[in-house]
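# Summary of structural features
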Amino acid sequence: MTIIKKYLGECPRCLDGSVTMQTLSTNTFCGSIGVHEPPLIKCPNCENLVWMEEINIVSEVDNDDDSHSWWSWVHELEYIKFLKDGQVNGKKLTNTQRQDLEQFIAFQEKLKRQILLDDRAKGCLHGMEYADIGGGTSYMASLVFESLIENKNTGKDKINLDDIGKRYLEWYNKHAIDTGVVNALVFDLVNEGVSFNEASIQVDKKLHGMTASSRPACRALPITIYLAGLINKNPDMWHFSGSDKFFTNFIESETKLTHKNVHARQVSMAVNKVCLCLMLDFSLDESIKEGAHYLISKTRANLGLTHRPKEVTKKDLKNTGYADDAFVAAIWFIRNTDSFDEAVKESIKLKGKSSYCSVLVGAIGGALYGYSDIKHDIGKTGVFKYYQVEYLT
């Protein structure tokens, strides 16, 4: 939540009054991003550059009062020029003024990263829902979202897999749709008193290892969005030697609640890592390379990421629920189309009534293009309509 107050400030050059804006705080569930006033602004009357500290605050102004003119913000590039020149209005910068400019530039960069992250995270969730034909994956993702929001802890303790499992089971018992065979078999066993871990082992054995589905990949996306928020606020986390283990532990463990097969886990980690990187403003190629680290060599070759890559064409794409096939197809559609809408529609043609591939395209494409770019294509989505990604980031 951002709290903004308006004040009537008097210019020391022309002694005329105009409204200045002071932002007190901006808070999210991952902590405050901190907010700074611009240290240097321009008077709307005499157009002189004035340091904020030189303005005489006359009174507070009601937020609905529009009878005053506004001070103009100075563009970030001008701040950078002032730092380079070492002066403003022909006067040499003091150490304090230089520090104020540097801090505000750093804050602006941080704010831009936050806005980008929020837009891409929202695009990821809404894009997934738009491309999720059956709706089951999106609904399960919404349960993960709710679990994170309602858990008041922070850091790794905010991700409670036991609570997520309970929410899945409650949904299944009350009004589940599009659960999928593997999920349903696991939930039936848990209803009989078997643990999630033992149930997933038994189901994998019963189906002779045929639990390598891509279905779990997208339901963990709220966890990835939350982790992206932590990394965005603490960039050193990305370079921390244990950060990848931190990420993979939660994504893999969430997948194993229902799907024991190693390929299901690998693709879940790959999909979520690609989305994580896109939210943090990595390029598409960089993001795919990061995600492909978890995949077997054959799948990496199909993605063109080995020393002997395979050239995959549209006719090579497979209409199966096998996780690796779905991921390869999803990346192909993202790479070989020019828009989110085109990528999703083409992937649906491949899959027909199943959404193994299209839901991955929706999530990855949404994270790539961002909500602001895809919102006119997807219209109003249902499950995430009232979910604010800012609560996670």
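Structure report, in brief. (Residues numbered from 1 in each chain as written. Predicted model: local features only at pLDDT ≥ 70, side-chain atom pairs only at ≥ 80, totals over all residues. Heavy atoms only, no water.)

This part covers unusual backbone geometry. Note: most peptide bonds trans; most residues except glycine with negative phi. Even without a glycine there, the phi angle at Asn-89 is positive, about 55°. Summarising the element assignment, Asn-89 is placed in the loop between strand S8 (87–88) and strand S9 (91–92). On the accessibility criterion, Asn-89 (42% relative accessible area) is partly exposed. One non-glycine residue, His-208, lies in the positive phi region at around 55°. (Helix = DSSP H or I, 4+ residues; strand = E, 2+ residues; numbered from the N terminus. Buried < 20%, exposed > 50% of the residue type's maximum accessible area, 1.4 Å probe, protein only.)

Attention shifts here to the side chain of Asn-232. Its place among the elements puts Asn-232 in helix H7 (residues 221–233). Residue Asn-232 is classed as buried on the basis of its relative accessible area of 7%. Beyond its immediate stretch of four places on either side in the chain, Asn-232 contacts Arg-113, Gln-114, Leu-117 and Leu-280. (Contact = heavy atoms within 4.5 Å.)

Further remarks concern helix H3 (residues 136–150). Taking 1.5 Å of rise per residue, 15 residues should cover 21 Å, and H3 covers 21 Å from first to last C-alpha, within 8% of that figure. Burial analysis of H3 places 12 of its 15 residues in the buried class, the great majority of the element. When we look at burial in H3, the residues that qualify are Gly-136, Thr-137, Ser-138, Met-140, Ala-141, Ser-142, Leu-143, Val-144, Phe-145, Ser-147, Leu-148 and Ile-149. Here the buried face of H3 lies against helix H2 (95–131), helix H4 (161–175), helix H5 (181–191), H7 and helix H15 (358–369). (Expected span 1.5 Å × (residues − 1).)

This part takes up the sheet that holds strand S5 (residues 49–51). Overall, antiparallel pairing links the 3 strands, which are arranged S5-S4-S7 in an open sheet. In this open sheet, the two strands that pair with only one neighbour each are S5 and strand S7 (72–73). Two elements, strand S4 (residues 40–42) and S7, share 2 bridges in a ladder whose sense is antiparallel. Bridging across to S7, Ile-41 finds its partner in Trp-73. (Pairing = 2+ DSSP bridges.)

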